[in-house]
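# Summary of structural features
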Amino acid sequence: NVYWVAPGDSYTVEGRTYPSSDNNDGLSPERALRVVTRGVDLATGAGDVVVLLPGAHTVTASIAADTANVTIMGLPGGRGNYLKPRATLACSAVDETMNVTAAGIEIAYIEFKSTTSQASALINVSANGDELYVHDCSFDLYTATAATTILGIDTIGAHTGMLVERCHFSCDGAFGASIDLTASLGATIEGCIFRQTAGTLASTITVGAATDQAIVNRCIFMVHGSAIVTANINGTGATIASGILVSNCTFSDLNTVPIDNFDAAECEIAECYE
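Residues numbered from 1 in each chain as written. Predicted model: local features only at pLDDT ≥ 70, side-chain atom pairs only at ≥ 80, totals over all residues. Heavy atoms only, no water.

### What to know about the environment of N234
The cut-off we apply is this: Helical segments are the DSSP runs of H or I of at least four residues, strand segments are the runs of E of at least two, and each set is numbered from the N terminus. The buried label applies to any residue whose accessible area, calculated with a 1.4 Å probe on protein chains only, is under 20% of its type's maximum; exposed applies above 50%, and partly exposed to all values in between. Residues are treated as being in contact if the distance between any of their heavy atoms lies within 4.5 Å. Here a polar contact means two N or O atoms within 3.5 Å. Within protein one must be a hydrogen donor candidate and the other an acceptor candidate, and residues neighboring in sequence count only if both atoms are side-chain atoms.
Its location among the elements puts N234 in strand 24 (residues 228–234). The buried category is assigned to N234, whose relative accessible area is 12%. Through-space distance from the C-alpha of N234 to that of A177 is 9.4 Å; in sequence the pair is 57 residues apart. Discounting chain neighbours no more than four positions away, the residues touching N234 are S203, I205, T206, V207, D260, N261 and F262. Of note is the side chain of N234, whose polar atom sits 3.1 Å from the side chain of N261.

### Focus on the pairing of strand 7 (residues 71–74)
Our working rule: Note on pairing: two strands pair once DSSP finds at least 2 bridges between them.
Of the two faces of strand 7, the one carrying T71 and M73 and the one carrying I72 and G74 are both buried. Summarising the sheet, strand 4 (residues 49–52) and strand 7 pair through four bridges and their orientation is parallel. Its bridge partner lying in strand 7, V51 is registered against M73. Note that strand 7 and strand 10 (residues 106–108) share three bridges and pair parallel. Within strand 10, the residue paired with T71 across the bridge is E106.

### Thoughts on the pattern of salt bridges
Counted only if it meets this: One side-chain nitrogen of Lys or Arg within 4 Å of one carboxyl oxygen of Asp or Glu is enough to make a salt bridge.
Here the structure, examined in full by the defined rule, presents eight salt bridges. Measuring nitrogen to oxygen at the nearest pair gives 3.7 Å for the salt bridge that ties E111 to K113. Judged by relative accessible area, which is 2%, E111 ranks as buried. Here R166 ties to D136 by a salt bridge, and the two come within 2.8 Å at their closest N and O atoms. Here D136 lies in the loop between strand 13 (133–135) and strand 14 (138–141) and R166 lies in the loop between strand 16 (163–165) and strand 17 (168–171), a separation of 30 residues in the sequence. Bridged by salt links that share partners, the residues K84, E111, K113 and D140 form one connected network.

### So, the sheet that holds strand 10
In any sheet, the strands associate via hydrogen bonds between backbone groups, in a parallel or an antiparallel arrangement. Under the convention used in this document: Note on definitions: angles span 0 to 180 degrees between N-to-C directions of axes, and those axes are lines fitted to C-alpha atoms, for helices only across the stretch in contact.
A sheet is described by the order of its strands in space; here 10 strands give the open sequence 1-4-7-10-13-16-19-22-25-28, paired in parallel fashion. One side of each edge strand has no neighbouring strand; the edge strands of this open sheet are strand 1 (2–5) and strand 28 (267–270). Sheet twist, expressed as the average angle between the axes of neighbouring strands with direction ignored, equals 10°. The pairing of strand 16 with strand 19 (residues 188–190) spans three bridges and is parallel. Each bridged residue has a counterpart across the sheet, and for V164 the counterpart in strand 19 is I189.

### Description of the nonpolar core
Rule in force here: The term nonpolar core refers to a set of buried residues drawn from Ala, Val, Leu, Ile, Met, Phe, Trp, Tyr and Cys, joined through side-chain atoms within 4.5 Å.
Within the largest apolar cluster, 66 residues are counted, with the highest numbers of intra-cluster contacts made by I107, F112, F139, I153, V164, I189 and I233. Among the elements that make up this core, the one with the highest residue count is strand 8 (residues 87–91) (three residues). For I107, the residues in contact, after removing those within four places along its chain, are I72, M98, V100, F112, I123, L132, Y133, V134, H135 and C137. Judged by nonpolar contacts, the second largest core, of 12 residues, contains W4, A6, V49 and Y109.

### Topic: unusual backbone geometry
For E131, which is not a glycine, the phi torsion comes out positive at approximately 60°. The residue E131 is located in the loop between strand 12 (123–125) and strand 13 in this model. Not every positive phi belongs to a glycine, and N261 is a case in point at roughly 70°. Look at N261 and you get partly exposed, because its relative accessible area is 39%.

Structure representation (structure tokens):
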């Protein structure tokens, strides 16, 4: 099933205006649901898809992505690139925007926007969130008041096989890491852009206890103007020999140290540039 979700009480499809409602079945763009949470709740079968129609979507509580092999996505094409997807998603609660607790979840073509109520990650990944695939998304770490408890993607359990690809992370202060890989196994971060536009950030990617078989490849770590990043890839707490490979990445010379706080042999580095 494909469940469609509108960003407002009324919306337009192909020049016609329709009312949205969580009493709709959501199975057609003309019968869209009103809230993303309702679409995710209805997507109870493997292969189900929740599509966010273009516009600003807001939820009042964390979205529980708790059914395996479900896709949650905006519409690609047009302005739907990973720098500025057409569908935005924000949570007005003091909580994470989305909590991934099932395997095989795909999240795509969405701009995750932090809010002034934000106090947690935009996406949390639990121990059951194996094989999470996040691609062509944008993460706003600037609208919220800067706090180290606010992260982009946060590993909160020992999951395996996460792939984050072609995503854009923009930050303007002392937030938490854009991606925390603590305890993850076999994660790959590829083709992403990380921007620090103002303020001081301690770490862009953190590698903590039990991070193993991780790869960061073809990523750009950009620091603009007077901004500072203390360590783009921070190994404080890393425990596994050769637990991460960093390859073909480019680092701004405004980093204090691009890759830091690893003990001997915990991080392998190949073909990177500063």
